[in-house]
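# Coordinate analysis (summary)
Given next are the chains, with one letter for each unit.
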Amino acid sequence: CGDPLEYQGYDYETVQIGEQCWFAENLRSENYRNGDAIPSQIDEVSWLSTNEGALANYGDDGLTCYNYSPTIDGCNPEASVLAWGRYYNWFATQDSRALCPSGWIVPSDSDWSVMEGAIGMSASEMGSSGWRGTDEGDKLKSQDGWAEDGDGDDEFDFGGLAAGHRHYSGNYFDASGLSAVYWTSTAPDVDRAWFRVLNYSESRIQRTRDFKSYGMSIRCIKDSE
C-alpha cells in the first residue's frame with residue numbers, strides 16, 4: 001500500500017490509514033471490472049427511476065449545473081473528470097460485475113467507521129449519525145479546491161476533494177467546491193444508503209443516509225477478507 005495501482009488504464013494513488021489501504025483518488029472507471037460498460041448519459045427521468053448501476057460526469061447532459069470550486073470550471077465535464085473522477089448511483093456499488101479492481105471493494109459503512117477511528121474519532125461517535133468527531137474531516141480534506149478557505153490539512157494523504165454530487169432527482173449537479181460525498185456499500189433500508197460527507201465549513205465528518213439515486217464519489221478499499 002502506498003504504491004500506485006493501475007486499473008483500466010489509470011494509475012490510482014493509494015494510502016495506508018491505520019490497518020486499511022485506500023484509494024487516495026476518486027474512482028473514474030467507465031466500466032465494471034469485467035469490462036462491461038457502466039450506463040452513462042442517463043437522462044433525468046431514467047436516472048431517478050433506474051435500479052441499475054449508472055455513472056455521470058459533473059456537468060454532463062446539458063443539465064443545470066452549479067459550481068463553487070475556486071480552482072476549476074467544474075461544469076466542464078472534461079475538467080471535472082480530470083479533477084474529481086466520476087459519479088455513481090448506489091446501485092452501481094451492488095452490481096456483481098464490481099466497480100473496484102480485483103482484491104478491492106467499495107467500502108462498507110463499518111469500513112468507514114474503522115478509518116474514522118484510526119484518524120482519531122472516538123468509538124462512542126463512530127456509530128452515530130450527523131456531524132461527528134472534532135477535526136477528522138480536516139484531516140481528510142485536500143489542501144486546495146475548497147470554497148471560502150475551507151481547505152483541509154490532508155494529514156493522512158486521503159486527498160478528499162470537494163467534488164459535489166448529482167442530485168437524486170437526476171436533473172442537476174451541485175456543491176462542487178463545497179462538499180465531498182462518498183457512498184458506502186451499506187443500505188439500512190430499501191430506499192436509502194449510508195454515505196459520508198466532508199464540507200467546506202465543517203471540520204467534522206457527517207454520517208448520513210439518503211436516496212440511492214444520488215450520484216456520488218467512490219473510494220475503493222483493499223479487501224481484508
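First things first, this report covers the structure right here in the doc. Computed from a predicted structure; not experimentally measured.

Another aspect to go through is the state of the cysteines. Going through the model one piece at a time under the given rule, you end up with 3 disulfides. Here Cys 65 engages in a disulfide with Cys 75; their sulfurs sit 2.0 Å apart. For the disulfide bridge between Cys 65 and Cys 75, the dihedral angle about the S-S bond is near -95°, and by the sign convention the bridge is left-handed. Highlighted residues: Cys 65 in strand β6 (residues 64-67) and Cys 75 in the loop between β6 and α2 (77-84), separated in sequence by 10 residues.

Okay, the environment of Trp 104 next. Mapped onto the elements, Trp 104 comes out in strand β8 (residues 104-105). Trp 104 gets classed as buried once you look at its relative accessible area, which sits at 8%. Sequence separation between Trp 104 and Arg 219 is 115 residues; the distance between their C-alpha atoms is 10.0 Å. With sequence-adjacent residues up to four places away left out, Trp 104 is seen in contact with Leu 5, Thr 14, Cys 21, Trp 22, Phe 23, Arg 33, Cys 220, Ile 221, Lys 222 and Asp 223.

So, on to α2. Along α2, the residues classified as buried are Ser 80, Val 81 and Trp 84. In a view along the axis of α2, the buried residues occupy a sector of 100°, so they form one face of it. With respect to the buried face of α2, the exposed residues turned more than 90 degrees away are Glu 78 and Leu 82. Looking at the packing, one finds that the buried side of α2 touches β6, β7 (87-88) and β11 (172-176). Positive backbone phi, at 75°, marks Gly 85, one or two positions downstream of α2.

A word on the sheet that holds β6. Taken in spatial order, the 3 strands make up an open sheet running β6-β11-β10, and their pairing is mixed. One side of each edge strand has no neighbouring strand; the edge strands of this open sheet are β6 and β10 (165-166). Note: β6 against β11, 3 bridges, orientation parallel. What sits directly across from Thr 64, in β11, is Tyr 172.

Although it is not a glycine, Asp 157 sits at a positive phi angle of roughly 60°. By secondary structure assignment, the location of Asp 157 is in the loop between α5 (136-140) and β10. Phi is positive for Ala 175, which is not a glycine, with a value near 80°. Here Ala 175 shows up in strand β11.

Further remarks concern the packing of aromatic side chains. With the rule as written, the count across this model stands at 16 aromatic pairs. Ring geometry for Trp 22 and Trp 112: centres 5.0 Å apart, planes at 65°, overall edge-to-face. Here Trp 22 is found in strand β4 (residues 20-23), whereas its partner Trp 112 is found in helix α3 (residues 109-118), with 90 residues between them in sequence. Trp 112 matches Trp 22 in its accessibility class, with the two residues each being buried. Ring centres of Phe 23 and Trp 104 lie 5.1 Å apart, and the angle between their planes is 55°; on these two criteria the pair is classed as tilted. With Phe 23 in strand β4 and Trp 104 in strand β8, this residue pair connects regions lying 81 residues apart in the sequence. Every member of this aromatic cluster is reached through a ring pair, and the members are Tyr 10, Tyr 12, Phe 23 and Trp 104. In this structure, Arg 207 is placed above the aromatic ring of Trp 194, and the distance from its NZ or CZ to the ring centre is 3.7 Å.

Definitions and limits used
- For every chain, the first residue of its written sequence is number 1, and the numbers climb from 1 along that sequence.
- Thresholds applied to this predicted model are a pLDDT of at least 70 for local features of residues and 80 or more for the giving and counting of side-chain atom pairs; totals over whole chains, interfaces and linings are not thresholded and use all residues.
- Where side-chain values are given, they derive from all heavy atoms of the structure, hydrogens and water being excluded.
- Count a disulfide wherever a pair of cysteine sulfur atoms falls within 2.5 Å.
- Strands are runs of DSSP state E lasting at least 2 residues, helices are runs of H or I lasting at least 4, and numbering of each runs from the N terminus.
- Here the term buried applies to any residue with accessible area under 20% of the maximum for its type, exposed to any over 50%, and partly exposed to those in between, with areas from a 1.4 Å probe on protein chains only.
- Residue contacts are defined here by distance: any two heavy atoms, one from each residue, within 4.5 Å place the two residues in contact.
- Each direction from the helix axis to a C-beta atom contributes to the arc, which is the arc of those directions.
- Should DSSP find at least two bridges between two strands, the strands are regarded as paired.
- Only Phe, Tyr and Trp rings take part, Trp by its six-membered ring, and two of them pair if their centres are within 6.5 Å. Stacked means planes under 30 degrees apart, edge-to-face means over 60, and tilted covers everything else.
- In this scheme, the term charge over a ring applies when either NZ of a lysine or CZ of an arginine sits within 6 Å of the ring centre and within 35 degrees of the ring normal.

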